[in-house]
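# Structural description and commentary
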Amino acid sequence: LLFGVKAAAGLATGSIALVSDALNSLVDVAASVGIAYSVAVARRAPDPGHPFGHQRAEPLAALGVAIFTAILGVLVARAAVERLLEGVEPIRAPGWAVGTLLVSMIGNLVLARYLRNRGEALDSPAILANAVECENDIWTSLAALAGVAGAALGAPVVDAVAGAGVGLWIIVGGYRFGRRNIDYLMGASPDPLLLEEIRAGAL
């Protein structure tokens, strides 16, 4: 719903920052679908083909989402830079864009609270990670809001700069999401402090 509303408003107003924020919501949809499927697979019991269970389905799906996220972030940032180079036109009906972003921020806040409560109740790191992403989306919407406000005040270049900033934020988010799951899949060592706590507990 957030993606559809922001995409429609972004195309109607011509705000690259709002379109970028809409694509950020599309990433959330893809992440949620991937997480939902991977959690279902991860909870399957061990079988002859997978005697150690299916727990790695979750980080594998998350890695796929991270790659998709990074690619989308590059496309968003490139579109914003091209808009800057070609010349930025004033956005249309900035009031609609501002209203859409405010609704988006409220929606993400409610969604983040819900996901955090459910993640803690179910002890699900995947759902808790999704809650953090929704909280981060509030900041990307705020950046888009700053861009729209700048354009409404007579500086349309601010809208394109905000769009590029949102694109870079999407890339960074994809990197962080992917790095965390690559470490898990590669069997990276835990934090030295955690190792020391385990060693002390064992002794």
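Residues numbered from 1 in each chain as written. Predicted model: local features only at pLDDT ≥ 70, side-chain atom pairs only at ≥ 80, totals over all residues. Heavy atoms only, no water.

## Points about the side chain of Asp 21
Mapped onto the fold, Asp 21 is located in helix α2 (residues 16-42). Among the polar contacts made by the side chain of Asp 21, one reaches the side chain of Lys 6 at a distance of 3.1 Å. Residue contacts for Asp 21: discarding those within four places in its chain leaves Lys 6, Leu 101, Ser 104, Thr 140, Ser 141, Ala 144 and Val 166. (Helix = DSSP H or I, 4+ residues; strand = E, 2+ residues; numbered from the N terminus. Polar contact = N/O pair within 3.5 Å; in protein donor to acceptor, adjacent residues only side chain to side chain. Contact = heavy atoms within 4.5 Å.)

## Some details on helix α4 (residues 94-122)
Taking 1.5 Å per residue as the helical rise, α4 with its 29 residues ought to reach 42 Å, and the 41 Å between its terminal C-alpha atoms agrees with that figure. Looking one or two residues past α4, Asp 123 carries a phi angle of roughly 55°, positive in sign. (Expected span 1.5 Å × (residues − 1).)

## A closer look at the packing of helix α1 (residues 2-13) against α2
Helix packing for two helices is described by the angle between their axes and how far apart those axes are. The interhelical angle for the contact between α1 and α2, taken along N-to-C directions, is 160°, at an axis separation of 8 Å. Viewed along their axes, α1 and α2 adopt a mutual orientation that is roughly antiparallel. Of the two elements, α1 crosses α2, and the hand of that crossing is left-handed. Only Leu 18, Val 19, Asp 21, Ala 22, Ser 25 and Leu 26 of α2 make contact with α1, whose side of the interface consists of Leu 2, Phe 3, Lys 6, Ala 7, Ala 9, Gly 10, Leu 11 and Thr 13. Looking at side-chain class alone, the contact of α1 with α2 contains 9 nonpolar, 3 polar and 2 charged residues. (Axes fitted to C-alpha atoms, helices over the stretch in contact; angles between N-to-C directions. Parallel < 35°, antiparallel > 145°, perpendicular 65-115°, else oblique. Left-handed = near helix turned anticlockwise from the far one by under 90°. Nonpolar A, V, L, I, M, F, W, Y, C, P; charged D, E, K, R; others polar.)

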